[in-house]
Amino acid sequence: MVTVAGNGDAEPGRRDGWTDLPQRAAQLVELLRSNAARTEQERRVVEENLVALDEAGLFGVTVPERFGGRQASVRTLVEVGSELGRGCGSTAWATSLINVSGWLVGLYPERAQREVYGQNPRARACSVLPPHGTSRATDGGRVVNGRWGFASGCLHAQWALLGVSDTDASGTRTDQGLALVPMDELRVEDTWHVAGMRGTGSNTLVAEDVFVPGHRLLSVPGAMRGEYPTEFADEVLYRAAFVPALALSLAGPLLGLARGGLELVLASLGEGRGISHTFYEQAREAPATQLQLAEAARLIDTAALHLRRAADDVDDWAARGRHMPTFDRIRVRMDIGTIARCSREALDILLSVHGARSFADASPLQRIWRDLETGSRHAMVNPAIATEMYGRALLGIEDQITPLI
């Protein structure tokens, strides 16, 4: 099988010492691919995948080294997601979201980090950023109530980070925060019944009068300004720009799905099948096939280049110890929109090359298609919104259409 647009071996320009992590992810692709249908059917990542990921250290990509994690880079985070996506979109998505949630934990004060990892260095977290909950002040912290949908990875997590609106005694909103809460203090409602990414278990979390101590509350506006309460200012990973890091965690699995689709189509063309209703006994000999494959590969390569540029930009600014400028953060959003658009376009071409049989229930391509179409519609990925943001930034228009920059 030919692999196109892969990460390859350790690259000489890499800035972190964890070049083995994407390779470890690549070694699990066939396992994830063999379990992809079952992951979808069970609507959760199957246990065999979870064990393999855990043993490979792929849930610890962003966990502080102080607690035995890998504390890698944003570039490594997205490359791991891209490799896993070749095998199973749902597993890649859940793993990437768990890893970026681990990064979020690293932004909190050490006391909160120790509560998460002190007794269990392999603890996993999930997160929902939008402030679907409310919180009111009480002695030593706040009382949280709310419902948070689309909590990817929640079925495999011990902690959750939940967006809340902080209100005063009169009910006026005073801040937006992220509350770090043990999963055993929440209720999980089975609401994730969807066409794609079925195995992510992105159900709804419910909190009813849950007390959250002050050290487990993070100000979201402060975080977007680069103000993190962690005491370890020398840890480069936890200086990464807030929204770009969160958004990039979604992009790796999308690219991986397109790469996986290309690999499957290339393998099928090696089986000697022809093109129905033509004189081509070997589809691979048809110029139409060759041209379409080349165009799909180009789109995937384009997506990969944008992913790497965006991740490297975030890592570079973090390494400098400077808050990433607004324009650069917006360009990351544009890069992510480009990744989604190119990945979708590439897969659309590949489906045409493979023909109507792509949509047979037994074909993995139809699952890849549904997963990519679903995941690339995440609000943080939206190519149209990203394009509008980037156009305004290029024109020097300061007023933007979203605070999530």
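Residues numbered from 1 in each chain as written. Predicted model: local features only at pLDDT ≥ 70, side-chain atom pairs only at ≥ 80, totals over all residues. Heavy atoms only, no water.

## A few points about the overall build of the chain
Moving on, step 1. For the chain, the count of helices and strands is 12 helices and 7 strands.
Moving on, step 2. For 405 residues, the compact-globule estimate of 2.2 N^0.38 gives 22 Å, and the chain sits close to it at 21 Å.
Moving on, step 3. Taking the principal axes of its C-alpha atoms as reference, the chain extends roughly 80 × 45 × 40 Å.
Moving on, step 4. Here the chain holds 405 residues, and the buried ones make up 58% of them.
Moving on, step 5. Considering only residue pairs separated by 6 or more positions, the chain has 74% of its internal contacts joining residues 24 or more positions apart.
Moving on, step 6. Total accessible area computed for the chain in this model is approximately 16,500 Å², and 51% of it derives from carbon and sulfur atoms.
Moving on, step 7. Between the mean site of the 42 positive side-chain charges and the mean site of the 50 negative ones, the chain shows a separation of 1 Å. (Helix = DSSP H or I, 4+ residues; strand = E, 2+ residues; numbered from the N terminus. Rg over C-alpha atoms; globule rule 2.2 N^0.38 Å. Buried < 20%, exposed > 50% of the residue type's maximum accessible area, 1.4 Å probe, protein only. Contact = heavy atoms within 4.5 Å. Areas by Shrake-Rupley, 256 points an atom, 1.4 Å probe, with all protein chains shown as cover. Lys, Arg positive; Asp, Glu negative; His and termini not counted. Charge placed at Lys NZ, Arg CZ, Asp CG, Glu CD.)

## Quick word on the side chain of R367
Moving on, step 1. Structurally, R367 can be placed in helix α11 (residues 364–375).
Moving on, step 2. Nearest to the buried, unbridged R367 among oppositely charged side chains is D371, at 4.9 Å.
Moving on, step 3. Look past the residues within four positions of R367 in its chain and what remains in contact with it is A36, A37 and E40. (Salt bridge = Lys/Arg side-chain N within 4 Å of Asp/Glu carboxyl O.)

## Describing the side chain of S101
Moving on, step 1. Along the chain, S101 turns up in helix α5 (residues 89–105).
Moving on, step 2. Side-chain polar atoms of S101 contact the backbone oxygen of L97, separated by 2.8 Å. (Polar contact = N/O pair within 3.5 Å; in protein donor to acceptor, adjacent residues only side chain to side chain.)

## Details of the packing of helix α10 (residues 326–354) against helix α12 (residues 383–394)
Moving on, step 1. Where α10 contacts α12, the two axes come as close as 8 Å, and the packing angle between them is 145°. Taken as a pair, α10 and α12 cross one another with a handedness that is left-handed. Counted together, F327, I330, R331, R333, M334, G337, A340, R341 and R344 of α10 and P383, A384, I385, A386, T387, M389, Y390, A393 and L394 of α12 form the full contact between these two elements.
Moving on, step 2. Looking at the contact of α10 with α12 residue by residue, the class counts come to 12 nonpolar, 2 polar and 4 charged. (Axes fitted to C-alpha atoms, helices over the stretch in contact; angles between N-to-C directions. Left-handed = near helix turned anticlockwise from the far one by under 90°. Nonpolar A, V, L, I, M, F, W, Y, C, P; charged D, E, K, R; others polar.)

## Thoughts on helix α8 (residues 242–269)
Moving on, step 1. Counted at 1.5 Å a residue, the expected span for α8 with its 28 residues is 40 Å, and the 43 Å between its end C-alpha atoms agrees.
Moving on, step 2. Burial analysis of α8 places 25 of its 28 residues in the buried class, the great majority of the element. (Expected span 1.5 Å × (residues − 1).)

## Quick word on the packing of aromatic side chains
Moving on, step 1. Evaluation of the coordinates by the stated rule reveals 6 aromatic pairs.
Moving on, step 2. When the ring of W103 is compared with that of Y228, the centres are 6.3 Å apart and the planes differ by 85°; the resulting orientation is edge-to-face. With W103 in helix α5 and Y228 in the loop between α7 (220–224) and α8, this residue pair connects regions lying 125 residues apart in the sequence. Exposure class is identical for W103 and Y228. Each is buried. (Phe/Tyr/Trp six-rings, centres within 6.5 Å; stacked < 30°, edge-to-face > 60°.)

## Examining the sheet that holds strand β4 (residues 173–182)
Sheets are built from strands that pair by backbone hydrogen bonding, the pairs being arranged parallel or antiparallel.
Moving on, step 1. Spatially, the 7 strands line up as an open sheet ordered β5-β6-β2-β1-β3-β4-β7, and their pairing is mixed. At either margin of the open sheet sits one strand with a lone partner, and together these are β5 (187–189) and β7 (217–219). Neighbour-to-neighbour, the strand axes of the sheet open up by a mean angle of 25°, direction not taken into account.
Moving on, step 2. Note that β4 and β7 share 3 bridges and pair antiparallel. In the sheet register, L178 faces β7, and the bridge partner there is L218. (Pairing = 2+ DSSP bridges.)

## Regarding unusual backbone geometry
Moving on, step 1. At Q71, a position not held by glycine, the phi torsion is positive, near 45°.
Moving on, step 2. Tracing the backbone through its elements, the reader meets Q71 in the loop between α3 (47–55) and α4 (74–85).
Moving on, step 3. A positive phi is found at H277, a non-glycine position, where the angle reads about 65°.
Moving on, step 4. Within the secondary structure, H277 sits in the loop between α8 and α9 (287–320).
Moving on, step 5. For H277, a relative accessible area of 87% translates into the label exposed.

## Thoughts on the environment of Q366
Moving on, step 1. In this structure, Q366 sits in helix α11.
Moving on, step 2. Taking the relative accessible area as the measure of exposure, Q366 reaches 10% and is therefore buried.
Moving on, step 3. As a C-alpha pair, Q366 and L351 span 15 residues in sequence and 8.6 Å in three-dimensional space.
Moving on, step 4. With sequence-adjacent residues up to four places away left out, Q366 is seen in contact with S358, F359, A360 and D361.
Moving on, step 5. A distance of 3.2 Å separates the side chain of Q366 from the backbone oxygen of D361, its partner in a polar contact.
Moving on, step 6. Here the side chain of Q366 touches S363 through a polar contact of 3.1 Å, landing on its backbone oxygen.

## Comments concerning the environment of P287
Moving on, step 1. You can see P287 is positioned in helix α9.
Moving on, step 2. With a relative accessible area of 42%, P287 lands in the partly exposed category.
Moving on, step 3. A C-alpha to C-alpha distance of 29 Å links P287 and D361, two positions 74 residues apart in sequence.

## Here we look at the pattern of salt bridges
Pairing between side chains becomes possible if they bear opposite charge and their charged atoms approach one another.
Moving on, step 1. Tallying each qualifying case throughout the model produces 28 salt bridges.
Moving on, step 2. Put simply, E235 and R66 hold a salt bridge, and the shortest N to O gap is 2.7 Å. On the criterion of sequence distance, the pair formed by E235 in the loop between α7 and α8 and R66 in the loop between α3 and α4 is long-range, its members being 169 residues apart.
Moving on, step 3. Take R66: its relative accessible area is 32%, and that puts it in the partly exposed class.

## Thoughts on α11
Because the α-helix completes a turn every 3.6 residues, residues three or four places apart line up on one side.
Moving on, step 1. In this model α11 runs 16 Å from its N-terminal to its C-terminal C-alpha over 12 residues, within 8% of the 16 Å that 1.5 Å per residue would give.
Moving on, step 2. Looking only at α11, the buried set comprises L365, Q366, R367, I368, R370, D371, L372 and G375.
Moving on, step 3. Buried residues along α11 sit against α2 (29–42), α5, α8 and α10.
Moving on, step 4. Two or three places before L365, at the start of α11, stands the capping residue S363, its side-chain oxygen 3.1 Å from that residue's backbone nitrogen.

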